[in-house]
Amino acid sequence: MNYTTLISVEQLQALIASSKPLRIFDCTFDLMQPGAGEKQYLESHIPGATYANLDTALSAKHGVPGAHGVVTAGGADQPASGGRHPLPNREKFATWLSSVGFANNMQAVVYDRNGANYCGRLWWMLKWAGHDNVAVLDGGLQAWVAAGAAVNSGEEPAHFQSNFELAPEKVRLVATKTVEDNLGRPVQTLIDARGAPRFRGEVEPMDPVAGHIPGALNRPFNQNLGTDGKFKPAAQLKAEFEALLGGRDPATVVHHCGSGVSAVPNIIAMEIAGLGTAGLYAGSWSDWCSDPSRPVAQG
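Conventions and cut-offs
Residues numbered from 1 in each chain as written. Predicted model: local features only at pLDDT ≥ 70, side-chain atom pairs only at ≥ 80, totals over all residues. Heavy atoms only, no water. Disulfide = S-S within 2.5 Å. Buried < 20%, exposed > 50% of the residue type's maximum accessible area, 1.4 Å probe, protein only. Pairing = 2+ DSSP bridges. Helix = DSSP H or I, 4+ residues; strand = E, 2+ residues; numbered from the N terminus. Contact = heavy atoms within 4.5 Å. Axes fitted to C-alpha atoms, helices over the stretch in contact; angles between N-to-C directions. Phe/Tyr/Trp six-rings, centres within 6.5 Å; stacked < 30°, edge-to-face > 60°. Lys NZ or Arg CZ within 6 Å of the ring centre and 35° of its normal.

Novice: Where do I start with the state of the cysteines in this structure?
Specialist: What is meant by a disulfide is a covalent connection between two cysteines, made through their sulfur atoms. Tallied over the full model, the rule gives zero disulfides. With no disulfide of its own, C257 has C289 as its nearest cysteine by sulfur position, at a separation of 12 Å. What makes C289 buried here is its relative accessible area of 5%.

Okay, here's the thing in structure tokens:
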């Protein structure tokens, strides 16, 4: 059986016992303390898990973002998006996957300690690379530990280099120009995953401008999880998204956040709900507000 959205602790344990080709990725991260995620990984992780660092593995090389600078990488390092965490291009990402020994025949399982915030990034990127068999561990490391499953500490043995081959994209990456061109048109429904105070422009801890893209709806990414840290049931997620959309076509949805990371749990939630695969504006608010000529809404 292949897993393409969520996988439970029990299903992952059975998959490990089956000896089928599998790679587990720990994506734990902390925006305010970029080194903290790897430290937590070294302290405790699922046995055999590979650490995937948001800054170095899942983002392109870049300069200071937004109003204080521009993306500086070029050539083979040319990013696929702007923003505070620009996507590496697909070829660069495939090179990283190959370097950690991930192959096309493997089931990928991704997790973190952050409510599926950071592991969602790798889930989406693997889909973007054409790899469908990737699932989020529902409940993250907390659910694994709560089930009494074993953990390791320290480094894991290195894997042999593989040759991951890109395939047609299974998700939709939306460019800034597309978002701009479709502002206010029924072909596009923007959903912002940031917390409500940031969305309203009351606070802005990360980016140079406060506010949101005009016309965007707000659904903070953590609203997809129940009190147990797992995704809510499909029927509940469907009802919540339909209430938010207010009759708008789910096929028009483009998700974004501050830098294209925490938007992904909303994408996963819509898939769980049976509402299809929405687009991702990976540059997100950090990219949008870097150009003072673009409109900004508050309140």
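Novice: What am I meant to see in the sheet that holds strand β10 (residues 279–280) here?
Specialist: What holds strands together in a sheet is hydrogen bonding between their backbones, with the strands either parallel or antiparallel. Reading across the sheet, the five strands line up as β6-β10-β9-β7-β8 and stay open at both edges, with parallel pairing between neighbours. What marks the edges here is a single partner per strand, and that holds for β6 (172–173) and β8 (217–218). Here two bridges tie strand β9 (residues 253–256) to β10, and the two strands are oriented parallel to one another. When the bridges of β10 are listed, H255 appears paired with L280. Here helix α9 (residues 264–272) sits on the sheet in contact with β7 (189–192), β9 and β10, set at roughly 145 degrees to β9.

Novice: Looking at this structure, I do not really get the packing of aromatic side chains. What am I missing?
Specialist: Describing an aromatic ring pair means giving the distance of the ring centres and the angle of the ring planes. Applying the stated rule across the entire model yields seven aromatic pairs. On the numbers, 5.9 Å between centres and 40 degrees between planes, the contact of F25 with W96 is tilted. You can see F25 sitting in strand β2 (residues 22–26) and its partner W96 sitting in helix α3 (residues 90–99), a full 71 residues away along the chain. In this structure, F25 and W96 share a single accessibility class: buried. Here W124 and W128 contribute two aromatic rings whose centre-to-centre distance is 5.6 Å and whose plane-to-plane angle is 25 degrees, an arrangement assigned as stacked. Pair noted here: W124 and W128 are both in helix α4 (residues 119–128), with a separation of four residues, about one helical turn. Take W124 and W128: they sit in the same class, and that class is buried. Of the aromatic side chains, those joined through ring pairs into one cluster are F25, F93, W96, F102 and F164. Directly above the aromatic system of F241 lies the positively charged group of R219, at a separation of 4.4 Å from the ring centroid. Taking NZ or CZ as reference, R294 lies 5.7 Å from the ring centre of W288, over its face.

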